[in-house]
Amino acid sequence: MSNPQLSVGLLFTCAIDFRDVARKYAIKNGRNMFIKNEKDKVRVVCSVGCPWVVYAAQVRNEKTFQVRTYHAEHTCGRGLVPTIEELLPNSKHRHCLRHVYNNFKQKFNGLALKDRVCKATSTSNVPSFSRHMKWMKEEDRNAYNWLASKPVVH
Ligand SMILES: [Zn+2]
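About the cut-offs
Residues numbered from 1 in each chain as written. Predicted model: local features only at pLDDT ≥ 70, side-chain atom pairs only at ≥ 80, totals over all residues. Pairing = 2+ DSSP bridges. Helix = DSSP H or I, 4+ residues; strand = E, 2+ residues; numbered from the N terminus. Contact = placed C-beta atoms within 7 Å. Axes fitted to C-alpha atoms, helices over the stretch in contact; angles between N-to-C directions. Buried ≥ 20, exposed ≤ 12 C-beta atoms within 10 Å, placed from the backbone. pLDDT = per-residue confidence, 0-100. Core = buried A, V, L, I, M, F, W, Y, C linked by C-beta atoms within 7 Å.

If you look the chain up in an unreviewed UniProt entry, it shows as Transposase MuDR plant domain-containing protein from Vitis vinifera.

And the structure:
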C-alpha cells in the first residue's frame, strides 16, 4: 500500500474515492482519524486537539471532489486507531475481540499462536495488529482464516 499524498486542489472522481484515500492515509500513518460526511462535503479530522484536517467539497455540477483545505501538521502522537474495525469487519469494539480469542483458544492449540492472537487482539495499533495477523497467516493459515472470517457479535 503506497502512502497516499494529499494536497490542496487534488481531485477525486467521487466522495467514495476521497474517503478511500483518507482511510488509507489513516491506516498507513497509524492515525486516529474520523471521517465526517456532509451532503456535498467530506471532512477528515484527526484526534481531538490535533489541527490536522483535510476537507474536500464537491465541484459544482460534477461528481468530482476536490481538496479545499489541507493542514498537514499533526500535533498528536501516533497511536490508537479505530479502523481496526475495517481490518476485522463486523467487530464493533476491541472488547469483542476478547470473545473471539476465547473461542479461538478452544479451537486451536499452540502457545506461540495463542500469544500472537492475544497480542493481535489486544493491540489498538493497526500496523502492529496487521503484523501479528500476517505472522499468523504465515504460521497457521487455518487459524488465520478462522479469525479473519469470524463475525464478532456482542
Ligand atoms: Zn494528528
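Structure's up, so let's keep going.
J.: Please clarify how the sheet that holds strand S1 (residues 11-12) should be interpreted in this entry.
T.: Across a sheet, paired strands are connected by hydrogen bonds in the backbone, their directions being either parallel or antiparallel. Across the sheet, which stays open at both edges, the five strands sit in the order S1-S5-S4-S3-S2 with antiparallel pairing between neighbours. The sheet terminates laterally at S1 and strand S2 (34-37), the two strands that pair on one side only. Across five bridges, strand S3 (residues 41-45) lies against strand S4 (residues 53-58) in antiparallel orientation. Note on S4: the bridge partner recorded for lysine 41 is alanine 57. Against the sheet, helix H1 (residues 15-28) touches S1, S2, S3, S4 and strand S5 (65-71), its axis set at about 5° to S3.

J.: Even after reading the chapter, I still don't get the environment of cysteine 50, so can you show me in this structure?
T.: With respect to the secondary-structure elements, cysteine 50 resides in the loop between S3 and S4. Residues cysteine 50 and cysteine 76, 26 residues apart in the sequence, show an inter-C-alpha distance of 5.5 Å. For cysteine 50, the contacting residues outside a window of four places in its chain are His74, Thr75 and Cys76.

J.: Looking at this structure, I do not really get the environment of valine 67. What am I missing?
T.: Mapped onto the elements, valine 67 comes out in strand S5. Once the C-alpha coordinates of valine 67 and arginine 43 are considered, the two residues, 24 residues apart in sequence, prove to be 9.6 Å apart.

J.: Would you take a moment to explain the pairing of S3 for this structure?
T.: Alternating residues of S3 divide into Val42 and Val44, all buried, and Lys41, Arg43 and Val45, none buried. Hairpin remark: S2 followed by S3, antiparallel, with three residues in the connecting loop.

J.: How should I be thinking about the pairing of S5 in this particular structure?
T.: Look at any regular strand and the pattern is simple: side chains alternate between the two faces of the sheet. As paired strands, S1 and S5 are joined by two bridges and run antiparallel to one another. The partner of leucine 11 across the bridge, within S5, is glutamine 66. Summarising the sheet, S4 and S5 pair through six bridges and their orientation is antiparallel. Residue pairing across strands places tyrosine 55 opposite threonine 69, the latter belonging to S5.

J.: Even after reading the chapter, I still don't get the confidence of the model for the chain, so can you show me in this structure?
T.: Detailed reading of predicted coordinates is not advised where the pLDDT is low. Residues at a pLDDT of 70 or more form 55% of the chain, whose mean pLDDT is 73. The low-confidence segment residues 79-87, where pLDDT is below 50, has 25 contacts with residues more than four positions distant or belonging to other chains.

J.: Before we go on, may I ask you to explain the nonpolar core in this structure?
T.: Generally speaking, soluble globular proteins have nonpolar side chains that are buried together. Core analysis: the largest hydrophobic core is formed by 15 residues, its most contacted members being Phe18, Ala22, Val42, Ala56 and Phe65. Sorting the residues of this core by element identifies H1, S3, S4 and S5 as the ones contributing at least two each. A total of six residues in this core trace back to one element, the largest contributor, which is H1. Ignoring sequence-local partners within four residues, the contact set of phenylalanine 18 consists of Phe12, Val42, Ala56 and Phe65.

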